[in-house]
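Structural description and commentary
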Amino acid sequence: MTDNFTREINYARISLTDKCNFRCLYCMPECGIEKKQHSDIVSLDNIFDIIKALSELGIKKVRFTGGEPLVRNGAVDLMKKVRDEIPAIKDICITTNGVLLPQYAKELSEIGINGLNISIDSFDPEKYSFITRGGKLDDALKGFKCAKDAGIENIKINAVLLKGINDGSIREFADFGLNNNTEVRFIELMPFSFGNSYDKYGITSKEVIENNSLIKTERDTFTNNTEYYQFSDGAEVGFIRPISNKFCSKCNRIRITADGKMLLCLHRTDEVDLKGSFGKFDELKGLLCEGIKNKPEGHDLCGGNLQTRAMNRIGG
Ligand code: SAM
Ligand code: SF4
């Protein structure tokens, strides 16, 4: 279906939990998260109903995210149920920090998931541990290898650009991509109101592209909000540029949070509370439909209007 700005909305990012086994410095406050009551978190059955209703409204792709989606018990069973019972969802994808993939990669491959984004912000173990506040690079690399060995298709590496931490390592990322036949994409760091060190670590893709003398790849690849650039020998990396090349006019997505809200824009606080409609499928579908229509035109990060939820409570 289309929203009031004639954008076709066909993609939903579903947060399975706001919990995480990491505490990335740009994503959640150092003290961690406020503990939620079990009853505040949407059950997997209700998440299934939300996805079913969304599929009837024209959503064709879902991405499971979080927090860390794979820490939620039953996450993989839910993905299998969506695959088996909602054929209108053509693409089932996951964004993960990767460390639980040794446990789940085989099952995910059997389900036939269509895409796996693994977040790795540095190939230097110390920097990786600093960014994730204690994570081990080796665990993420093991996860990547297990996913490859299990035959999962369309694996990408995502890295948030962090000034002074990884902006000098673009070539290293490109080489990792080349050596592993994997796409690597950089995401511009986005500010959040909890104070995620944006002033200290924020850097635009533009600066990084210039500093590395990258050349724009000549093909239309904007479908995943990604622009591709190359080194002179052809090694390619992608950039997702919510700050320096705002792509709201092409936005095709909505988000469902782990506490049962539909969030219409990553950086807007407008939410639709779905909880009262659980168990009443037509009412749920009606709320989702109304929400999609009223998706706001775009974010206003440059005007200083920041999201009050931290990223782990949204489903990035
Ligand atoms: N835990 C999983 C992971 O890390 O991939 C999934 C959830 S995480 C919130 C999803 C994506 O959001 C990750 O790639 C992460 O790097 C990115 N992210 C989190 N906070 C961000 C921020 N402030 N700016 C840009 N990207 C951010
Ligand atoms: Fe966890 Fe992902 Fe946020 Fe890092 S970016 S704290 S791994 S949810």
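The present account deals with the structure reproduced in this document. Predicted, not measured: the structure shown is a model, and the values here were computed from it.

Moving on to the overall build of the protein. Scanning the protein from terminus to terminus reveals 9 helices and 12 strands. Its C-alpha atoms give the protein a radius of gyration of 19 Å, within 12% of the compact-globule value 20 Å for 316 residues. Dimensions along the principal axes, computed over C-alpha positions, put the protein at roughly 55 × 45 × 40 Å. Evaluated residue by residue, the protein yields a buried proportion of 54% over its 316 residues. In the protein, the share of contacts with a sequence separation of at least 24, taken over all contacts with a separation of at least 6, comes to 73%. Summed over its atoms, the accessible surface of the protein is roughly 14000 Å², and 46% of this surface lies on carbon and sulfur atoms. With 44 positive and 45 negative side-chain charges, the protein shows a separation of 2 Å between the mean positions of the two kinds.

Moving on, we come to the nonpolar core. Counting 91 residues, the largest nonpolar core has I14, L54, F64, L108 and L288 as its most contacted members. Looking at which element gives the most residues to this core, the answer is helix α1 (residues 44-56), with 7 residues.

What follows deals with empty space enclosed by the protein. Counting across every chain of the model gives 1 cavity of 30 Å³ or more. As for the largest cavity, its lining consists of D18, K36, I41, T257, A258, D259, R309 and R313. Broken down by class, the residue content of the lining of the largest cavity amounts to 2 nonpolar, 1 polar and 5 charged.

Attention shifts here to the packing of aromatic side chains. For the structure on display, the rule yields 7 aromatic pairs. A ring pair is formed by F22 and Y128, whose centres lie 6.1 Å apart and whose planes are at 80°; its orientation type is edge-to-face. With a gap of 106 residues between them, F22 in the loop between β1 (11-15) and α1 and Y128 in helix α4 (residues 125-132) connect regions that are remote in the sequence. The pair F22 / Y128 is uniform in exposure class, with both members buried. When the ring of F173 is compared with that of F186, the centres are 5.1 Å apart and the planes differ by 75°; the resulting orientation is edge-to-face. Highlighted residues: F173 in helix α6 (residues 170-180) and F186 in strand β6 (residues 183-188), separated in sequence by 13 residues. On the basis of relative accessible area, F186 is assigned to the buried category, the value being 0%. Taken together, the ring pairs connect F123, F144, F173, F176, F186, Y229 and F239 into an aromatic cluster. A cation over an aromatic ring shows up here: K81 above the ring of F48, its NZ or CZ 4.1 Å from the ring centre.

In this section: the layout of surface pockets. Here the idea is plain: a probe the size of a water molecule rolls over the atoms and shows the empty space left. Put simply, the second largest pocket is a space of about 360 Å³. What lines the second largest pocket is a set of 15 residues, among which T17, K19, H38, I41 and R72 lie closest to the centre. In the lining of the second largest pocket, the residues fall into 4 nonpolar, 4 polar and 7 charged.

Moving on to the site of ligand 2. Near ligand 2 the following residues occur: C20, F22, R23, C24, C27, M28, G67 and N97. Within the shell around ligand 2, the residues separate by chemical class into 5 nonpolar, 2 polar and 1 charged.

Scanning the entire structure with this criterion turns up 17 salt bridges. Its salt-bridge partner being K80, residue D84 comes within 2.9 Å of it at the nearest N-O pair. Taken as a pair, D84 and K80 lie in helix α2 (residues 75-85) at a separation of 4 residues, close to a single helical turn. The shortest N-O distance in the salt bridge between K145 and D149 comes to 2.8 Å. Taken together, the residues span about one helical turn, with K145 and D149 both in helix α5 (residues 137-149) at a distance of 4 residues. Each member of the pair, K145 as well as D149, carries the same accessibility label: exposed. Sharing partners across several salt bridges, the network here consists of D259, E271, R309 and R313.

Once that is clear, we can look at the site of ligand 1. Around ligand 1 sit 19 residues, and of these Y26, G67, E68, S119 and M190 come closest. Measuring from a nitrogen atom of ligand 1, one finds a side-chain N or O atom of E68 at 3.1 Å. Within the side chain of S119, a nitrogen or oxygen atom sits 2.5 Å from an oxygen atom of ligand 1. Across the complex, the protein chains shield 95% of the 550 Å² of accessible surface that ligand 1 would expose by itself. Broken down by secondary-structure element, the contributors of at least two residues to the shell around ligand 1 are β3 (91-96) and β6.

Cut-offs and rules
Residues numbered from 1 in each chain as written. Chains lettered and ligands numbered in written order. Predicted model: local features only at pLDDT ≥ 70, side-chain atom pairs only at ≥ 80, totals over all residues. Heavy atoms only, no water. Helix = DSSP H or I, 4+ residues; strand = E, 2+ residues; numbered from the N terminus. Rg over C-alpha atoms; globule rule 2.2 N^0.38 Å. Buried < 20%, exposed > 50% of the residue type's maximum accessible area, 1.4 Å probe, protein only. Contact = heavy atoms within 4.5 Å. Areas by Shrake-Rupley, 256 points an atom, 1.4 Å probe, with all protein chains shown as cover. Lys, Arg positive; Asp, Glu negative; His and termini not counted. Charge placed at Lys NZ, Arg CZ, Asp CG, Glu CD. Core = buried A, V, L, I, M, F, W, Y, C linked by side-chain atoms within 4.5 Å. 1 Å grid on protein atoms, 1.4 Å probe; cavity = no way out; pocket = protein on both sides within 12 Å on 5 of 7 lines; lining within 4 Å. Points joined across faces, edges and corners; volume = space filled by probe spheres on them. Nonpolar A, V, L, I, M, F, W, Y, C, P; charged D, E, K, R; others polar. Phe/Tyr/Trp six-rings, centres within 6.5 Å; stacked < 30°, edge-to-face > 60°. Lys NZ or Arg CZ within 6 Å of the ring centre and 35° of its normal. Near = heavy atom within 4 Å. Salt bridge = Lys/Arg side-chain N within 4 Å of Asp/Glu carboxyl O. Polar contact = N/O pair within 3.5 Å; in protein donor to acceptor, adjacent residues only side chain to side chain.

In short, shape yes, function no, at least from these values alone.
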